[in-house]
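A look at the structure
Here are the chains, one letter per residue:
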Amino acid sequence: MGEDERRQARRYALWIPVQVQAGTDVQMLAVSKNISWSGVLVIAGASLEPGERVTMTLQVPGEDARELSGAIIRVEPNEEDPDGLWRYRLAVRFDENVEDLEPAFERLEGKAPI
């Protein structure tokens with residue numbers, strides 16, 4: 001995600017359940033740490049490779065489940081849970097912006113974006 005895009009896409013600190021699928025072999029549950037209409041940072045129990053293509057199903061409370069495709073742009077250890085269930089932080093850029101979800105993000109967060 002470029003610096004200009006980060007300025008345009010407000011991030012919200014929301015814990016949203018996410019199902020991540022990469023290819024036919026990898027399917028896992030994750031939880032968003034922050035989300036915007038252009039991408040999401042999730043915590044997960046397994047690592048994927050930067051550039052890897054994923055399909056994600058987001059269950060935003062009060063909305064229908066959304067299936068989104070994207071690419072892993074960054075992977076790092078989750079320093080908050082290095083030996084636990086959520087060992088990795090995966091940053092995903094969506095293929096298409098989901099600006100229509102921003103009102104739901106604002107409603108759920110109920111405070112200024114991070």
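Residues numbered from 1 in each chain as written. Predicted model: local features only at pLDDT ≥ 70, side-chain atom pairs only at ≥ 80, totals over all residues. Heavy atoms only, no water.

The next thing to look at is the overall build of the protein. A count of helical and extended segments in the protein gives 2 helices and 6 strands. Each helix (α) and strand (β) of the protein, taken in turn from the N terminus, gives the series α-β-β-β-β-β-β-α. Burial status across the protein gives 39% buried among its 114 residues. Across the protein, contacts joining residues at least 24 apart in sequence account for 57% of those joining residues at least 6 apart. Summing over all exposed atoms, the protein offers an accessible surface of approximately 6,500 Å²; the carbon and sulfur share of this is 46%. The averaged location of the 21 negative side-chain charges in the protein is 5 Å from the averaged location of its 13 positive side-chain charges. (Helix = DSSP H or I, 4+ residues; strand = E, 2+ residues; numbered from the N terminus. Buried < 20%, exposed > 50% of the residue type's maximum accessible area, 1.4 Å probe, protein only. Contact = heavy atoms within 4.5 Å. Areas by Shrake-Rupley, 256 points an atom, 1.4 Å probe, with all protein chains shown as cover. Lys, Arg positive; Asp, Glu negative; His and termini not counted. Charge placed at Lys NZ, Arg CZ, Asp CG, Glu CD.)

Quick look at the packing of aromatic side chains now. Taken as a whole and assessed by the stated rule, the structure comprises 1 aromatic pair. Judged by centre distance (5.8 Å) and plane angle (45°), the ring pair of Tyr 12 and Phe 105 falls under tilted. Of this pair, Tyr 12 sits in the loop between helix H1 (3-8) and strand E1 (17-22) while Phe 105 sits in helix H2 (residues 102-109), placing them 93 residues apart in sequence. Of the two residues, Tyr 12 and Phe 105, both sit in the buried class. (Phe/Tyr/Trp six-rings, centres within 6.5 Å; stacked < 30°, edge-to-face > 60°.)

Here we take up H2. Within H2, the full set of buried residues consists of Glu 102, Ala 104, Phe 105 and Glu 109. One face of H2 carries all of its buried residues, which in axial projection span an arc of 155°. Those residues of H2 that are buried lie in contact with strand E2 (26-35). Just past H2, the residue Gly 110 takes up positive phi, approximately 65°. (Arc of directions from axis to C-beta.)

Bringing the pairing of strand E5 (residues 66-77) into the picture now. The sheet contact formed by strand E4 (residues 53-58) and E5 spans 6 bridges and is antiparallel. Each bridged residue has a counterpart across the sheet, and for Thr 57 the counterpart in E5 is Glu 67. Relative to strand E6 (residues 88-94), E5 runs antiparallel, the two being bridged by 7 bridges. Looking across to E6, one finds that Pro 77 is bridged to Tyr 88. (Pairing = 2+ DSSP bridges.)

Further remarks concern the environment of Gln 27. Checked against the element boundaries, Gln 27 lands in strand E2. In sequence terms Gln 27 and Met 56 are 29 residues apart; their C-alpha atoms lie 9.6 Å from each other. With sequence-adjacent residues up to four places away left out, Gln 27 is seen in contact with Gln 19, Val 20 and Gln 21.

Attention now goes to the sheet that holds E2. Taken in spatial order, the 6 strands close into a barrel running E1-E2-E3-E6-E5-E4, and their pairing is antiparallel. Neighbour to neighbour, the strand axes of the sheet diverge by 45° on average, direction disregarded. The sheet contact formed by E2 and strand E3 (residues 39-44) spans 5 bridges and is antiparallel. Note on E3: the bridge partner recorded for Val 31 is Ile 43. (Axes fitted to C-alpha atoms, helices over the stretch in contact; angles between N-to-C directions.)

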